[in-house]
Amino acid sequence: MTHHQPNLDTSPKVSDEVRKTTCYMCACRCGINVHMKEGKVAYIEGNRDHPVNQGVLCAKGSAGIMQHNAPSRLRAPMKRVGERGSGEFEEISWDEALAIAKGHLEPIRNEAPEKLAFFTGRDQSQSFTGFWAQAYGTPNFAAHGGFCSVNMAAAGIYTMGGAFWEFGQPDWDLTKMVMIFGVAEDHDSNPIKMGIGRAKKNGAKIIGVNPIRTGYNAVADEWVGITPGTDGLYILSMIHCLMKAGKVDLEYLARFTNASVLVNEDPNSDDRGLFLKDSNGQPQVIDRNTGKLAPWNGQGVDPDLSGTYEKDGITHRPVFHQMADKYLSDKYAPENVAEKTGIPAEKIRAMAAELARVAFDEEITIEREWTDFRGKKHDKMVGRPVSFHSMRGISAHSNGFQTCRALHVLQILLGTVETPGGMRFKPPYPKPATAHPKPHGKVTVGAPLDGPHLGYVHGPEDLLLQDDGTPTRIDKAYSWDNPMSAHGLMHMVISNAHAGVPYKIDTLFMYMANMAWNSSMNTSGVMKMLTDKNEDGSYVIPNIIYSDAYSSEMVAYADLILPDTTYLERHDCISLLDRPICEADAVADAIRWPVVEPDRDVRGFQSVLCELGAMLNMPGFVNEDGSQKYKDYGDYITNHIRRPGVGPLAGFRNEDGSGKGRGDVNPDQLQAYIDNGGFWMEHVPAEAAYFKPFNAAYQDWAVEMGFYDAVQPYIFQLYVEPMRKFQLAAEGVGDRQPPEHLRERIKKTMDPLPIWYAPFEDSHVDVDEYPVHALTQRPMAMYHSWGTQNAWLRQIHGHNPLYVPTKIWEANGFKEGDWAKVESAHGAIVVPVAHQASLNENTIWTWNAIGKRKGAWALDEKAPEATKGFLLNHLIHELLPPKGDGLRWANSDPITGQAAWFDLRVKISKSSVPNEAQPAIPAIKSPVGKGPDKLTWKVGK
């Protein structure tokens, strides 16, 4: 009997056309092909030509179609008609919405611009929103970096002119050993997955340092299950071992770092701990050629690590000598850090020895000539094939800035930064702190701020303080509380505004910042602050304007809602002025564009700002005749000039599209990007590929491309002199003095060489009562709160158990299906638990942002995200517990102000099974109704 094969269509029609744009389902910014049928989105795949992902696409990216069609999408502008927090709104027209916004914003701009607090969340247009805030004239602007990763970014910029992720990456193709510290799975996931795959294929060893073994740590060849908050101590102990064994790259240190710069050691001098400088202000080294003083950047100078200099009876020794004094101390010996870190001493020594072996015994040489900034010609590029990568896990602690600096110093001591096989910068980085602007905060009624809000301070003189010494900004950024807060402190805005400290505000204006739920510490407290009233019945925070694309928890707490589009319905600019998508060997930027038109009465937030800016007659947003300068954000992207020849996009400049980096406006620039797949890329010249900060060819190319306007080579700052200036102020030197209650903290924490101190919560709670560390981590299939409404992604992470290590599991007699009560000094939750053996034995954790509030996101009130999902945020507070000194200290890094999410200490016990996770916050009314039980549709035929 003959078997008849079925008649299969092996080439089904997928789409009528493909539109190429940029994904927004996480911060990777991968290239995507959006397949269209009959004008609607049918399918999303990766773009093989895109430099970020080369066609790879994760679950999030593929699920973008469900994000675009989510039932929770806002439909029209709305004004609140019920009490704040109720979720009761009335849809209004855009004319009415903009009139209301103008009615709030115009009077305070003409009377007290600082009374507007404008803060944006995880958007990717901070160059533009900062430009808007500066034109408005308020000093109160920042984005989410202050509660996310400012420690990593600022530590990297101050130390070496760049950090990880958007600033740099391992040399995946040449490295032979990669150590990853605190790397979660949601950020930059496709490039990291691809990089780890390439490295392992080439025989490289991957070591994961993380209290939790999931994701990248699960595929690592070796896992170091460190105690949370002790990464810095572990790193400094390895530095101790390397220095004691003499396994550091002395030539690299002398030539390319300030290890050879001379430091004043006179204990009675007001310049103690500062660099010896010449009349031009240049730090001095001793030249090995002459034995005499010379500027660090002098032509032909060969810096000496060993020489000392005495002047007027004052001894000056190189930074490297200061490092030897500090790190050769037994304080950092492995035996003395093992208990705190949870890592045996022999394992610390073995890891340091392996780093040294790979770095020095497996040296890489590329036969390629290059010339350094002192004019010395090198006939080859020598590399140490050890590389590091790190993210928020080591950053989100109150000791995170110094920990991140310690990691950078470890790389530099091994000579592995910007060398073949090591860590490489992504253009337009490296940029030292001195190449960035300083922060500005001078308010003039009815006029722009005196300069950009965010930047890098170089001493007390750069702090933003009012005449009475109190902070200029509502979040207290760039004050004595947080002197080097390069990204602001978004997590403190609502708390400070509610308290009226340092002053009251009138309007809180936020975009894509879910501060009433997962983006705030002290979630229940913040919700109360947002709804709290004065005795006369008015709200303590008078006006709240909010923009979002979806019906998030924060929507219920606003008075006016400006509905945003989805990422497939608007223009966006992934700019070199902001958060670039470059790779180490190429500079690149990209756009999003409206591949579909909205089917609702919504507008892209950035376009709304263009309209509001014109309505408020803000400089930069109106023409000379007072008419609106940019009709929308796409028009701004095309025509805005930030400085001569430099605009939001670096590609296809000039009228004919020939300009690269610099050039005149090209009216067809956006179309050129669309025709090129949504991105532009230019490769780094081969002779400039490595040693970028010191490489004359790279410096010339960087100026040509517009990264900066003049050649400015620099050396890595192992010793960060601005930090010493703050210490000196705390010691009583200078006219600008910190308040008395902060002196000791500044002296202790702002050491110019990396140090370790215990997380602050450890000294504010009884660690015997709260012996367990509690962390959150982001899953690869989710990116912050908007992912967990996604119909496809919910099937992967529909709820989040609390993962418990074997020791704690067995001590409490937990079994599958059990629930636990978890208590901190601030609050308590009752949640489901699950066993995980691959955990630090004193650490519990859960996925972040899975839990949802009932009524939000158009989810059913009985959805597992709202009944079994939960947040650890209820256990965390933006202020540390009282310590009996009459003060409430911020739960933040004292240097940058980064939120110390991962310092949390708790106790855990078995609990009876409740009906749902506790606390059970009452439901809010959904302004968009409830989504269908099954989200199904068919696009085209």
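All values derive from a computational prediction rather than experimental measurement.

Asker: Can you lay out the sheet that holds strand β15 (residues 309-311) for me, pointing to particular residues and giving the numbers?
Answerer: Strand order in the open sheet formed by 3 strands is β12-β16-β15, with antiparallel pairing between adjacent strands. Each edge of the open sheet carries a strand with a single partner, namely β12 (262-264) and β15. Adjacent strand axes in the sheet meet at a mean angle of 30°, parallel and antiparallel pairs treated alike. For β15 and strand β16 (residues 314-318), the ladder comprises 3 bridges, and the chain directions are antiparallel. Pairing of Glu310 across the sheet is with Thr315, part of β16. The sheet strands contacting helix α10 (residues 319-327) are β12 and β16, and the helix crosses β16 at an angle near 80°.

Asker: Account for a negative patch on the surface, naming residues and giving values.
Answerer: The grouping of Glu655, Asp656, Asp664 and Asp668 at the surface amounts to a negative patch. If you trace the backbone, Asp656 turns up in the loop between α18 (633-639) and α19 (669-675). Given a relative accessible area of 63%, Asp656 falls into the exposed group.

Asker: Lay out the packing of helix α21 (residues 721-730) against helix α22 (residues 740-749) in plain terms, naming residues and giving numbers.
Answerer: Here α21 crosses α22 at 145°, and the two axes come no closer than 8 Å. Of the two elements, α21 crosses α22, and the hand of that crossing is left-handed. Of the residues in α22, those in contact with Met723, Phe726, Gln727, Ala729 and Ala730 of α21 are Arg743, Ile746, Lys747 and Thr749. Looking at side-chain class alone, the contact of α21 with α22 contains 5 nonpolar, 2 polar and 2 charged residues.

Asker: Got a sec to walk through helix α16 (residues 523-531)? Specific residues and values, please.
Answerer: Along an α-helix, a turn takes 3.6 residues, which lines up residues three or four apart on a common side. Residues of α16 that are buried: Thr523, Gly525, Val526, Met527, Met529 and Leu530. For α16, the secondary structure elements touched by its buried residues are α15 (493-499), β23 (507-511) and β24 (543-548).

Asker: Give a detailed account of the sheet that holds strand β10 (residues 205-209), specifying residues and quantitative values.
Answerer: Ordered in space as β11-β10-β9-β21, the 4 strands form an open sheet in which the pairing is parallel. Edge positions in the sheet fall to β11 (222-224) and β21 (386-390), since each has one partner strand and no second. Taking the axes of each pair of neighbouring strands and ignoring which way they run, one obtains an average angle of 20° across the sheet. Sheet topology note: the strand β9 (residues 177-181)/β10 ladder contains 5 bridges and is parallel. Bridge pairing in β10 places Val178 opposite Ile206.

Asker: Tell me about the environment of Val445, residues and numbers included.
Answerer: Within the secondary structure layout, Val445 lies in the loop between β22 (423-425) and α15. Once the C-alpha coordinates of Val445 and Gln466 are considered, the two residues, 21 residues apart in sequence, prove to be 16 Å apart.

Asker: Account for the side chain of Gln789, naming residues and giving values.
Answerer: If you trace the backbone, Gln789 turns up in the loop between β29 (772-777) and β30 (802-804). With residues up to four places along the chain from it excluded, the contact list for Gln789 reads Gln67, Ala70, Ser72, Tyr550, Arg794 and Trp857.

Asker: Tell me what's going on with the packing of aromatic side chains, and back it up with residues and numbers.
Answerer: Counted according to the given criterion, the structure contains 42 aromatic pairs. Judged by centre distance (4.1 Å) and plane angle (20°), the rings of Tyr511 and Phe605 are stacked. One end of the pair, Tyr511, is in strand β23; the other, Phe605, is in helix α17 (residues 605-615), with 94 residues separating them in the sequence. By the burial criterion, Tyr511 is buried, and Phe605 matches it. Joined through ring pairs, the aromatic side chains of Tyr252, Phe256, Trp370, Phe425, Phe691, Phe694, Tyr714 and Phe716 make up one cluster. In this arrangement the basic side chain of Arg109 is found over the ring face of Tyr136, its NZ or CZ atom lying 6.0 Å from the centre. One residue, Arg424, lies across the ring of Tyr690, its end atom 4.2 Å from the ring centre.

Asker: A description of the nonpolar core should follow, citing residues and the corresponding values.
Answerer: One finds Trp132, Leu508, Phe509, Leu530, Ile844 and Ile908 to be the most contacted residues of the largest nonpolar core, which totals 181 residues. Those residues in contact with Ile844, other than ones at most four positions away along the chain, are Val772, His773, Ala774, Leu775, Leu802, Tyr803, Val804, Pro805, Ile808, Val822, Val906 and Ile908. With 115 residues, the next largest nonpolar core counts Met152, Tyr158, Val224 and Phe694 among its residues.

Asker: Let's hear about helix α11 (residues 334-341): which residues, and what values?
Answerer: Every buried residue of α11 is accounted for by Pro334, Val337, Ala338 and Thr341. Viewed along the axis of α11, the buried residues span an arc of 125°, placing them on a single side of the element. As for α11, its buried residues are in contact with α8 (231-245) and α12 (345-361). Within two residues after α11, Gly342 carries a phi angle of roughly 75°, on the positive side.

Asker: Describe the state of the cysteines, with residues and values.
Answerer: Summed over all chains, the structure comprises 0 disulfides. We note that Cys28 lacks a disulfide partner, and the nearest cysteine sulfur, in Cys26, lies 3.8 Å from it. Residue Cys28 is classed as buried on the basis of its relative accessible area, which comes to 4%. Cysteine Cys58 shares no disulfide, and the gap to the nearest cysteine sulfur, in Cys26, comes to 5.7 Å. Look at Cys58 and you get buried, because its relative accessible area is 9%.

Asker: Lay out the pattern of salt bridges in plain terms, naming residues and giving numbers.
Answerer: Considering all chains together, one arrives at 51 salt bridges under this definition. For the salt bridge of Asp532 with Lys528, the shortest nitrogen-to-oxygen distance reads 4.0 Å. Between Lys910 and Asp818 there is a salt bridge; the shortest N-O distance is 3.4 Å. Taken together, the residues span a long stretch of sequence, with Lys910 in strand β34 (residues 905-911) and Asp818 in the loop between α24 (806-811) and β31 (819-823) at a distance of 92 residues. For Lys910, a relative accessible area of 42% translates into the label partly exposed. Bridged by salt links that share partners, the residues Arg73, Glu569, Asp599 and Arg600 form one connected network.

Asker: Could you give an account of the environment of Val501, naming the residues involved and the relevant values?
Answerer: Secondary-structure assignment places Val501 in the loop between α15 and β23. Of the residues examined, Val501 reaches a relative accessible area of 36% and is grouped as partly exposed. Discounting chain neighbours no more than four positions away, the residues touching Val501 are Ile474, Lys476 and Asn496.

Criteria and thresholds
- Starting afresh in each chain, residues are numbered from 1 along the sequence in its written order.
- Local features in this predicted model are restricted to residues whose pLDDT is 70 or higher, and side-chain atom pairs enter the listing and the counts only when it is 80 or higher, whereas totals over whole chains, interfaces and linings include all residues.
- Side-chain measures were taken over the full set of non-hydrogen atoms in the model, leaving aside hydrogen atoms and water.
- Two strands are counted as paired when DSSP detects at least two bridges linking them.
- A run of H or I in DSSP becomes a helix once it reaches four residues, and a run of E becomes a strand once it reaches two; helices and strands are each numbered from the N terminus.
- Note on definitions: angles span 0 to 180 degrees between N-to-C directions of axes, and those axes are lines fitted to C-alpha atoms, for helices only across the stretch in contact.
- We call two residues in contact when some of their heavy atoms are within 4.5 Å.
- Patch members must show over 30% relative accessible area and no salt bridge, and they are joined within 9 Å when carrying like charges or within 5 Å when they are nonpolar side chains of Val, Leu, Ile, Met, Phe, Trp or Tyr.
- Residue-level accessible areas treat just the shown protein chains as cover; the underlying method is Shrake-Rupley with a 1.4 Å probe.
- Just to be clear on terms, a salt bridge is a Lys or Arg side-chain nitrogen sitting within 4 Å of an Asp or Glu carboxyl oxygen.
- Residues scored as positive are Lys and Arg, those scored as negative are Asp and Glu, and His as well as the terminal groups of each chain are ignored.
- One atom stands in for each charge, and that atom is NZ of Lys, CZ of Arg, CG of Asp or CD of Glu.
- We call a residue buried when its accessible area falls under 20% of the maximum for its residue type, exposed when it is over 50%, and partly exposed in between, using a 1.4 Å probe and counting protein chains only.
- Whether a crossing is left-handed or right-handed is set by the direction in which the near helix is turned from the far one by less than a right angle, anticlockwise for left-handed and clockwise for right-handed.
- The residue classification treats Ala, Val, Leu, Ile, Met, Phe, Trp, Tyr, Cys and Pro as nonpolar and Asp, Glu, Lys and Arg as charged. All others, Gly included, are polar.
- Each aromatic pair joins two rings of Phe, Tyr and Trp (for Trp, the six-membered one) with centres within 6.5 Å, and gets the label stacked for planes under 30 degrees apart, edge-to-face for over 60, and tilted for any other angle.
- A ring has a charge above it when a Lys NZ or an Arg CZ is no more than 6 Å from the ring centre and no more than 35 degrees off the ring normal.
- As used in this record, nonpolar core signifies buried Ala, Val, Leu, Ile, Met, Phe, Trp, Tyr and Cys residues forming a set joined through side-chain atoms within 4.5 Å.
- Each C-beta atom gives one direction from the helix axis, and the arc is the one those directions make.
- When two cysteine sulfur atoms lie within 2.5 Å, the pair is treated as a disulfide.

Taken by themselves, the reported measurements are silent on function.
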